[in-house]
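# Survey of secondary and tertiary structure
These are the residues of each chain, in order.
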Amino acid sequence: MANGSVRVRFCPSPTGNPHVGLVRTALFNWAYARHTGGTFVFRIEDTDAARDSEESYDQLLDSMRWLGFDWDEGPAAFDSASGAGGGPHAPYRQSQRMDIYKDVAQKLLDAGRAYHCYCSTPELDARRDAARAAGRPSGYDGHCRDLTAEQTEAYEAEGRTPIVRFRMPDETITFTDLVRGEITYLAENVPDYGIVRANGAPLYTLVNPVDDALMEITHVLRGEDLLSSTPRQIALYQALTELGIAKETPAFGHLPYVMGEGNKKLSKRDPESSLNLYRQRGFLPEGLLNYLSLLGWSLSADRDIFSIEEMVAAFDIADVNPNPARFDLKKCEAINADHIRLLDVKEFTERCAPWLKAPFAPWAPEDFDEAKWQAIAPHAQTRLKVLSEITDNVDFLFLAEPVFDEASWTKAMKEGSDALLRTAREKLDAADWTSAESLKEAVLAAGEEHGLKLGKAQAPVRVAVTGRTIGLPLFESLEILGRERTLARVDAALAKL
Ligand code: GLU
Ligand code: ZN
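Residues numbered from 1 in each chain as written. Chains lettered and ligands numbered in written order. Predicted model: local features only at pLDDT ≥ 70, side-chain atom pairs only at ≥ 80, totals over all residues. Heavy atoms only, no water.

Let's shift gears to the side chain of Arg93. Looking at the element boundaries, Arg93 is found in the loop between β4 (84–86) and α3 (98–110). Classification of Arg93 by relative accessible area gives buried; the value is 13%. A polar atom in the side chain of Arg93 sits 3.1 Å from the side chain of Asp46. When neighbours within four sequence positions are excluded, Arg93 is seen to be in contact with Ile44, Asp46, Glu54, Tyr57 and Pro75. (Helix = DSSP H or I, 4+ residues; strand = E, 2+ residues; numbered from the N terminus. Buried < 20%, exposed > 50% of the residue type's maximum accessible area, 1.4 Å probe, protein only. Polar contact = N/O pair within 3.5 Å; in protein donor to acceptor, adjacent residues only side chain to side chain. Contact = heavy atoms within 4.5 Å.)

This is the structure:
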């Protein structure tokens, strides 16, 4: 290992909004770097001009910062206020490294480790179909491996422009995956592959290992979907090492697939894979990361809830489980709820701030009441799965009238509800409004007069006051809303009945 210290990288392509599988990859790399005191390199693989966008690039940086993954080398500073990033291997955006790839491709060609391939797509397709039909391996057949000068000239004269193809050695490739153990690929199953397009654009197959080599990456930790590219990369690494471009071949570890509904791989297109969705719903970064860490890893058999510091202290790539991991949204929410409860109240109120104003909050800014918010917050904190739920839970305090949920109204307002509400109003009017307990006794007493238990008696009161059958503890809610507004709402409900 170079200098004996770990260098890992996270190298996404900016092709759309980040998904949770990608976040898990970033997390495992970052945690491994922090655990080992190594270096976390953040590189942007933006060589596909047709799919990459500046907007996705900005989104990636913003997501990384929100998640708290500080990086040691990268295209911009982790802290956006402190300006440009960088590091000894800058630039860290592949779109700015095109000369490097061109140079390496030329060196591979000069050394005979790569060659020009003039085959057209229809020709390749026809030969592949024929090979399949004959039951032979259907990858590239080596047609252009050893073209004579005349053959090359003839192709050039036809106006063909070649791609650059890497010449795979004719040998079995074996490596020890850090997660899955020893893996072997037979030479016949790994054909020569393209590394530069006919238009001169270098491909992922070249730029990714070249940068890993130049950036002296020691451990490549990435999703299992990339496993099939590893034997090719190992062969390329050997060539790069012979050419003095790479120091050594990194270790590889492939993280297990993340499965979604119906035991299918969670895809980028599944709505539940979108990181932005989790942010908008008010997941805490620490809650989401805690859950994602469990996709292939665990702290211990009996502890699901832990901090990122605890994860870093314990994380070793060797402990990652190769079996597919199932993404369970319910569990993700439950873990997030636990992290919400773990915040101190002040922190909780601050984190809720975005959901207490437009566009999330339906009330006018001047109707927001800080004192009421501070009073209700501790009751809300123990009940939220995600922060965005705060808005519906406290809107009754800041809106002139509750938002009546149709189903709640029908469910709570039954025959006799008006009589009960009238009694409850009387008793609430006479209660001690500095004590939630006294308000509870008032409703309890009203219920008794009508032969109803507390649960049944409080439902119409709750709907009259908050608009919904479920919400925060009722009597604390009434106390905070205040006597006058509570009674006015009961009156309004009575008028509607
Ligand atoms: N840019 C590649 C991707 O996002 C990186 C793959 C790798 O980690 O090697 O799929
Ligand atoms: Zn060819």
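Before going further, it helps to spend a moment on the packing of helix α1 (residues 20–36) against helix α9 (residues 285–293). Running from N to C, α1 and α9 cross one another at 85 degrees; their axes reach a closest spacing of 10 Å. In terms of their interaxial angle, α1 and α9 are classed as roughly perpendicular. Between α1 and α9, the contacting residues are Val20, Val23, Arg24, Leu27 and Phe28 on the first element and Leu289, Leu292 and Ser293 on the second. When the residues that make up the contact of α1 with α9 are grouped by side-chain class, the tally is 6 nonpolar, 1 polar and 1 charged. (Axes fitted to C-alpha atoms, helices over the stretch in contact; angles between N-to-C directions. Parallel < 35°, antiparallel > 145°, perpendicular 65-115°, else oblique. Nonpolar A, V, L, I, M, F, W, Y, C, P; charged D, E, K, R; others polar.)

On to the sheet that holds strand β9 (residues 193–196), then. The strand order across the open sheet built from 3 strands is β5-β6-β9, with neighbouring strands paired in antiparallel fashion. The strands lining the two open edges of the sheet, one partner per strand, are β5 (114–117) and β9. In this sheet, neighbouring strand axes are inclined to one another by 45 degrees on average, regardless of whether the strands run parallel or antiparallel. Here strand β6 (residues 163–166) pairs with β9 via 3 bridges, running antiparallel. In the sheet register, Arg165 faces β9, and the bridge partner there is Gly194. (Pairing = 2+ DSSP bridges.)

A separate point is the site of ligand 1. For ligand 1, the full set of nearby residues is Arg9, Cys11, Pro12, Ser13, Glu45, Tyr204, Asn208, Arg222 and Leu226. Interatomic distance of 2.9 Å between a backbone N/O atom of Cys11 and a nitrogen atom of ligand 1. Expressed as a share of its isolated accessible area of 300 Å², the protein-covered part of ligand 1 is 81%. By residue class, the composition of the shell around ligand 1 is 4 nonpolar, 2 polar and 3 charged. (Near = heavy atom within 4 Å. Areas by Shrake-Rupley, 256 points an atom, 1.4 Å probe, with all protein chains shown as cover.)

This part takes up a positive patch on the surface. A grouping of Lys411, Lys414, Lys453 and Lys456 is seen on the molecular surface, where their side chains present a positively charged patch. Here Lys453 lies in the loop between α17 (436–449) and α18 (454–466). Judged by relative accessible area, Lys453 falls into the exposed class, the value being 70%. (Patch = residues over 30% accessible without salt bridge, like charges linked within 9 Å, V, L, I, M, F, W, Y side chains within 5 Å. Salt bridge = Lys/Arg side-chain N within 4 Å of Asp/Glu carboxyl O. Lys, Arg positive; Asp, Glu negative; His and termini not counted. Charge placed at Lys NZ, Arg CZ, Asp CG, Glu CD.)

The analysis is restricted to geometry; functional conclusions fall outside its scope.
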